[in-house]
Amino acid sequence: MNTFLYIFLGMLDSLSSFVLMFAIFSFPLRQYFKEVTAASLFISFVSYLNRNMLNIPNWDMAIQFFFYIAILVAIFKVALPYAIDLASVGYLSFVGIQFIVYPLLLLTPIVTTNDAQELTGLGTSIIQITTDAICYLVAFLIYRFNLGFSHISWPPHDSFLLYKLKGVKLFWSIVSTLAALAICSTMYWILNYHNGLYIVIPTVLGSLALLLYFSYRRDYGQ
């Protein structure tokens, strides 16, 4: 039962990340909903293996990040540089929302700091469900008010786009990858071993704001 609950809630988490990606970059979610759902289930299963079978929870977020990129390229035919943009912004948006929700829930008697470290449990489930609900709401508002970026065309993309990138565009693709990877690689360690919630929050939100700013500039050809 715990395994099923972990994978199911993990699938909702992954789905939240994909929904945010598609909303922020104005991709048609309905057209790819089956693929997105299957990919979310797969990433949740990978996370379960990382945490329960391979015992590498410290690396779970970084591994998930790479799988988001790989899935966007392999299944959705998104060019690698754009897949990096989508995965970085979408995943950091999900994490950012989660780390806004989490301290607010700590103000209630339902959630404790231990719940963030547990795989399953009432408090853990509440954190996940609340985060997912807010992610879906944010994505809906982005769609509803047409706030998404449009500088990335709908896939399929030119598979050789990576080799055509030069200068600033190539630089920011590399920066996006390194920023998201650095955060994903260190967040679990900081949060669980140094009680660094208030280190993680500004780091995630600051990195996300920077990535969104440069996406905004590219939307206007700057």
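Our subject is the structure listed above.
Cut-offs used in this document
Residue numbering note: each chain is counted from 1, following its sequence as written. Local features in this predicted model are restricted to residues of pLDDT 70 or higher, and side-chain atom pairs are both shown and tallied only at a pLDDT of 80 or more, whereas totals for entire chains, interfaces and linings draw on every residue. Where side-chain values are given, they derive from all heavy atoms of the structure, hydrogens and water being excluded. For helices the rule is a DSSP run of H or I covering at least 4 residues; for strands it is a run of E covering at least 2, with both sets numbered from the N terminus onward. Buried residues are those whose accessible area, probed at 1.4 Å on protein chains only, stays under 20% of the maximum for their type, while exposed residues exceed 50% and partly exposed ones sit between those limits. Whether two residues are in contact is decided by their heavy atoms, any of which lying within 4.5 Å being enough. For this analysis, a nonpolar core means a set of buried residues of the types Ala, Val, Leu, Ile, Met, Phe, Trp, Tyr and Cys, connected via side-chain atoms within 4.5 Å. Aromatic pairing here means that ring centres of Phe, Tyr or Trp (its six-membered ring) are within 6.5 Å. Orientation follows from the plane angle: under 30 degrees is stacked, over 60 is edge-to-face, and everything else is tilted.

**With respect to the environment of Tyr48**
Within the element layout of this structure, Tyr48 appears in helix H2 (residues 33-53). A residue is classified by how much of its surface remains accessible, and Tyr48, at 15% relative accessible area, is buried. Counting along the chain gives 38 residues from Tyr48 to Gly10, while the straight-line C-alpha distance between them is 8.4 Å. Filtering out sequence-adjacent residues up to four positions away, Tyr48 remains in contact with Thr3, Tyr6, Ile7 and Met53.

**Details of the nonpolar core**
Judged by nonpolar contacts, the single largest core of 49 residues is most densely connected at Phe18, Phe22, Phe25, Val36, Leu72 and Phe76. Take this core: its biggest share by element is 14 residues, from helix H4 (residues 80-106). Beyond its immediate chain neighbours, meaning those up to four positions away, Phe25 contacts Asp85, Leu86, Val89, Phe149, His151, Ile152 and Ser215.

**Digging into the packing of aromatic side chains**
Each aromatic ring pair is described using two quantities: the centre-to-centre distance and the angle formed by the ring planes. In the structure shown here, the tally under the stated rule is 13 aromatic pairs. Ring plane angle 75° and centroid distance 5.7 Å describe the contact between Phe22 and Phe27, whose orientation is recorded as edge-to-face. Phe27 matches Phe22 in its accessibility class, with the two residues each being buried. Centroid distance Tyr68 to Tyr91: 5.1 Å. Interplanar angle 45°. Geometry classified as tilted. Of this pair, Tyr68 sits in helix H3 (residues 60-74) while Tyr91 sits in helix H4, placing them 23 residues apart in sequence. Both residues of the pair, Tyr68 and Tyr91, belong to the buried class. Aromatic ring contacts, followed pair by pair, group Phe18, Phe22, Phe27, Tyr32, Tyr68, Phe76 and Tyr91 into a single cluster.

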